[in-house]
Amino acid sequence: MVVALLYLSLAGAYLLAVPVAILLYLNLRWYTATSLERSFMYFLVFFFFPGLLLLSPFVNWRPQKRQIEV
């Protein structure tokens, strides 16, 4: 039973908890990241791809519309 709970908690962390943290981190730092930080971001997306793929239908972070004053 302990082994099953351990596997369940690791799967939850890999598929839900860490990808949510990665998405929040990417949203905050995407336009201001340095080249090394951007490489680290790409590594995280590659490593946690299944969890990010599960969360992708629920994320909508399009750029805001620009307000052009006339």
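Residues numbered from 1 in each chain as written. Predicted model: local features only at pLDDT ≥ 70, side-chain atom pairs only at ≥ 80, totals over all residues. Heavy atoms only, no water.

Scanning the chain from terminus to terminus reveals 3 helices and 0 strands. Helices and strands appear in the chain in the N-to-C order α-α-α. In terms of overall size, the chain is more extended than a compact globule, its C-alpha atoms giving a radius of gyration of 16 Å where 70 residues would be expected to give roughly 11 Å. For the chain, the C-alpha atoms occupy an extent of roughly 65 × 30 × 15 Å along the three principal directions. Counting the 70 residues in the chain, one finds 17% classified as buried. A separation of at least 24 residues holds for 62% of the contacts in the chain among residues at least 6 apart in sequence. As displayed, the chain offers around 6,300 Å² of accessible surface, 72% of which is attributable to carbon and sulfur atoms. (Helix = DSSP H or I, 4+ residues; strand = E, 2+ residues; numbered from the N terminus. Rg over C-alpha atoms; globule rule 2.2 N^0.38 Å. Buried < 20%, exposed > 50% of the residue type's maximum accessible area, 1.4 Å probe, protein only. Contact = heavy atoms within 4.5 Å. Areas by Shrake-Rupley, 256 points an atom, 1.4 Å probe, with all protein chains shown as cover.)

What follows covers the UniProt feature "transmembrane region" (unreviewed entry) in the chain. The UniProt record annotates "transmembrane region" (unreviewed entry) at residues 6-28 and 40-59. Secondary structure across residues 6-28 divides into 100% helix and 0% strand, with the first and last C-alpha atoms of the span separated by 31 Å. The distance separating the terminal C-alpha atoms of residues 40-59 is 21 Å; by composition the span is 75% helix and 0% strand. (UniProt positions renumbered as here; feature names shortened; annotations may be inferred.)

It is worth spelling out the environment of Trp30 at this point. You can see Trp30 is positioned in the loop between helix H1 (2-29) and helix H2 (35-47). Among the residues examined, Trp30 registers a relative accessible area of 33% and is labelled partly exposed. Distance in space between the C-alpha atoms of Trp30 and Pro19 is 15 Å, their sequence separation being 11 residues. Beyond its immediate stretch of four places on either side in the chain, Trp30 contacts Arg38, Met41 and Tyr42.

What follows concerns the environment of Val59. With respect to the helices, strands and loops of the structure, Val59 is situated in the segment after helix H3 (49-55). Each C-alpha atom of the pair Val59 and Leu23 lies 8.8 Å from the other, and the pair is 36 residues apart in sequence.

The next subject is the confidence of the model for the chain. Atomic detail in the predicted coordinates should be set aside for any region of low pLDDT. Here the chain shows a mean pLDDT of 91. Residues at 70 or above account for 100%. The least confident element of the chain, judged by mean pLDDT, is H3 at 92; the most confident is H2 at 95. (pLDDT = per-residue confidence, 0-100.)

Two aromatic rings, taken as a pair, are described by how far apart their centres are and by the angle between their planes. A full pass over the atoms with the stated rule returns 5 aromatic pairs. Judged by centre distance (6.4 Å) and plane angle (70 degrees), the ring pair of Trp30 and Tyr42 falls under edge-to-face. Taken together, the residues Trp30 in the loop between H1 and H2 and Tyr42 in helix H2 connect sequence positions 12 residues apart. On the basis of an interplanar angle of 80 degrees and a centroid distance of 5.1 Å, the ring pair of Phe47 and Phe48 is categorised as edge-to-face. Residue Phe48 is classed as buried on the basis of its relative accessible area of 11%. Each residue in the set Tyr14, Phe43, Phe47 and Phe48 is aromatic and connected to the rest through ring pairs, giving one cluster. Positioned above the aromatic ring of Trp30 is the side chain of Arg38, whose terminal nitrogen or guanidinium carbon lies 4.8 Å from the ring centre. (Phe/Tyr/Trp six-rings, centres within 6.5 Å; stacked < 30°, edge-to-face > 60°. Lys NZ or Arg CZ within 6 Å of the ring centre and 35° of its normal.)

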